[in-house]
Amino acid sequence: MKNITIDDLTISVPVIQGGMGVGVSLSGLASAVANEGGVGVISATGIGMNEKDFYSDFMKSNKRILIKEIKKTREKSSGIIGVNLMVALTDYAELLATSYNEGVDMVFVGAGLPLKIPKTISVEEVKKSRTKFVPIVSSGRAANIIFRSWKKRYNYVPDAVVVEGPRAGGHLGFKKEEISSPDYSLENILPEVLNIIEKYRDEFKKDIPVIAAGGIYDGADIYNIIKKGANGTQMGTRFVATDECDASIKFKEAYIKAKKEDIEIIKSPVGLPGRAIKNEFLEKVNTGERQYFKCPCQCLKTCNFKSASYCIALALVNAKQGSLDKGFAFAGENVDRIDKIISVKNLFKKLKEEYSRAAKADGK
């Protein structure tokens with residue numbers, strides 16, 4: 001496997017662990033991945049939901065726990081760590097500034113287009129910081145809009161980009177009818193993004209790696225997508241069924257038990273489609289049954305809590321804690337291929353072996 005170089009940062013194994021909220025990827029998983037040479041990623045989404053003051057001051061609790069998780073990850077690993085952020089979060093600007101202030105290696109920003117740098121952090125700080133800014137996009141058009149905006153505003157562009165296809169788990173940046181269309185497959189949108197990024201590489205004399213995500217499951221997938229031009233990969237679903245994943249054992253078992261027919265595309269209160277594992281909670285939602293709740297904090301800009309049938313933040317944290325009767329698990333399209341829980345170390349070993357076999361079969 002070739003490493004990824006982003007400015008002065010070298011990632012020895014081209015695998016970035018996807019950020020999974022609410023609380024699925026914290027310091028336990030992130031540090032284990034970083035120790036194996038990949039990029040371990042903490043999800044900042046709803047990170048403070050278990051705090052006593054979350055409902056009274058969710059911004060303060062989220063910031064406090066994010067700092068705590070970053071420090072815990074650093075104590076367990078000297079490897080590369082990142083933070084995953086959603087533009088759709090109402091405290092996105094505060095959490096982005098916190099990530100920079102804590103000196104994480106990378107920030108991955110999705111669920112919306114980060115067209116500008118929030119006022120919580122100065123442009124000069126971003127330019128001079130060792131922290132790499134990496135937007136997550138679902139098309140060449142989205143990548144161009146972001147990079148063009150940064151060029152116009154700051155004469156500066158992000159350090160790398162993740163292109164995520166429709167086979168990913170969680171919220172998807174596609175219309176429902178696009179998810180199953182071959183036209184929007186990762187293999188088809190990757191060249192679009194590569195073409196867009198190439199012109200910014202040339203203009204700014206800056207290497208801007210393109211990282212492919214969405215449906216990447218094994219080492220052969222990594223080999224094949226890198227062969228198509230990606231510099232590396234991002235994987236989420238495969239890391240859930242690991243000893244170090246921060247979710248409960250019941251959450252992990254939901255992945256192991258999932259069959260192909262158990263995966264469905266749901267309409268999220270956030271306003272985006274999402275891929276999840278069917279269960280009784282979602283069946284009740286699909287029949288129109290409303291899960292009554294009092295919105296504690298309006299944590300998402302795009303969520304209309306007055307008309308929403310349930311609180312997605314509460315549903316996800318319940319599931320993460322093992323109460324799947326009160327929530328559900330997001331998962332990628334390949335979740336049915338997972339049959340056991342293994343260590344992160346053994347997962348990396350398998351990925352490298354699978355990659356080598358694919359390369360050998362290809363005559364490389």
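Anyway, here's the lowdown on the structure attached to this text. (Residues numbered from 1 in each chain as written. Predicted model: local features only at pLDDT ≥ 70, side-chain atom pairs only at ≥ 80, totals over all residues. Heavy atoms only, no water.)

Regarding the nonpolar core
Generally speaking, a soluble globular protein has its nonpolar side chains buried in company with each other.
Item 1. In terms of nonpolar packing, the biggest core is built from 92 residues, with Phe-239 and Tyr-255 touching the most fellow members.
Item 2. The next biggest cluster of nonpolar side chains, apart from the first, holds 19 residues, and it includes Met-49, Leu-282, Tyr-310 and Ala-313. (Core = buried A, V, L, I, M, F, W, Y, C linked by side-chain atoms within 4.5 Å. Buried < 20%, exposed > 50% of the residue type's maximum accessible area, 1.4 Å probe, protein only.)

Focus on the packing of aromatic side chains
Both the distance between ring centres and the angle between the ring planes are used here to describe each pair of aromatic rings.
Item 1. Throughout the structure, instances matching the rule amount to 10 aromatic pairs.
Item 2. Judged by centre distance (6.2 Å) and plane angle (25°), the ring pair of Phe-281 and Phe-328 falls under stacked. On the criterion of sequence distance, the pair formed by Phe-281 in helix 11 (residues 280-286) and Phe-328 in the loop between helix 12 (312-320) and helix 13 (344-361) is long-range, its members being 47 residues apart. Taken as a pair, Phe-281 and Phe-328 share a single burial class, namely buried.
Item 3. Between Phe-328 and Phe-330, the aromatic rings sit 5.2 Å apart at their centres with planes inclined by 90°, giving edge-to-face as the arrangement.
Item 4. Residue Phe-330 is classed as buried on the basis of its relative accessible area, which comes to 13%.
Item 5. An aromatic cluster of three or more residues is present, and its members are Phe-133, Trp-150, Tyr-154 and Tyr-156.
Item 6. Seen from the ring of Tyr-156, Lys-206 lies directly overhead, with NZ or CZ sitting 4.5 Å from the centre.
Item 7. The cationic tip of Arg-238 hangs over the ring face of Tyr-217; the distance from NZ or CZ to the ring centre is 4.2 Å. (Phe/Tyr/Trp six-rings, centres within 6.5 Å; stacked < 30°, edge-to-face > 60°. Helix = DSSP H or I, 4+ residues; strand = E, 2+ residues; numbered from the N terminus. Lys NZ or Arg CZ within 6 Å of the ring centre and 35° of its normal.)

Examining unusual backbone geometry
Item 1. Between Gly-21 and the following residue, Val-22, the backbone shows a cis peptide bond with an omega angle of 0°.
Item 2. Within the fold, Val-22 resides in the loop between strand 3 (15-17) and helix 1 (27-35).
Item 3. Unusually for a residue other than glycine, Ala-111 sits at a positive phi of about 50°.
Item 4. Mapped onto the elements of the fold, Ala-111 is located in the loop between strand 6 (106-110) and helix 4 (123-128).
Item 5. The exposure class of Ala-111 is partly exposed, given its relative accessible area of 33%.
Item 6. Positive phi, close to 50°, is recorded for Asn-155, a residue that is not glycine.

A few points about the pairing of strand 5 (residues 80-86)
Item 1. Among the 7 residues in strand 5, 7 count as buried, and that is most of the element.
Item 2. In strand 5, alternate side chains face the same way, and those of Ile-80, Gly-82, Asn-84 and Met-86 on one face and Ile-81, Val-83 and Leu-85 on the other are all buried.
Item 3. Two elements, strand 4 (residues 39-43) and strand 5, share 5 bridges in a ladder whose sense is parallel. Within the sheet, the bridge partner assigned to Gly-40 lies in strand 5 and is Ile-81.
Item 4. Crossover strand 4 to strand 5 through helix 2 (residues 58-76) is right-handed.
Item 5. Two elements, strand 5 and strand 6, share 5 bridges in a ladder whose sense is parallel. Looking across to strand 6, one finds that Asn-84 is bridged to Phe-108.
Item 6. Taken together, strand 5, helix 3 (residues 92-101) and strand 6 constitute a β-α-β crossover, and its handedness is right-handed. (Pairing = 2+ DSSP bridges. Right-handed = clockwise from strand over helix to strand, strands pointing away.)

Details of the pattern of salt bridges
Item 1. Inspection of every chain in the model, using the stated rule, returns 16 salt bridges.
Item 2. A salt bridge links Lys-132 to Asp-7, with the nearest nitrogen and oxygen atoms 3.3 Å apart. Residue Lys-132 is found in strand 7 (residues 132-137), and its partner Asp-7 is found in the loop between strand 1 (4-6) and strand 2 (9-11); the two are separated by 125 residues along the sequence.
Item 3. Judged by relative accessible area, which is 2%, Lys-132 ranks as buried.
Item 4. Between Asp-207 and Arg-201 there is a salt bridge, with its nearest N and O atoms 3.9 Å apart.
Item 5. Asp-207 gets classed as partly exposed once you look at its relative accessible area, which sits at 46%. (Salt bridge = Lys/Arg side-chain N within 4 Å of Asp/Glu carboxyl O.)

Overview of the side chain of Asn-334
Item 1. Relative to the helices and strands, Asn-334 is located in the loop between helix 12 and helix 13.
Item 2. Residue classification places Asn-334 among the buried positions, given a relative accessible area of 8%.

Quick notes on the pairing of strand 4
Item 1. The buried count for strand 4 comes to 5 of 5 residues, which makes it a mostly enclosed element.
Item 2. Here strand 4 shows a buried face lined by Val-39, Val-41 and Ser-43 and a second buried face lined by Gly-40 and Ile-42.

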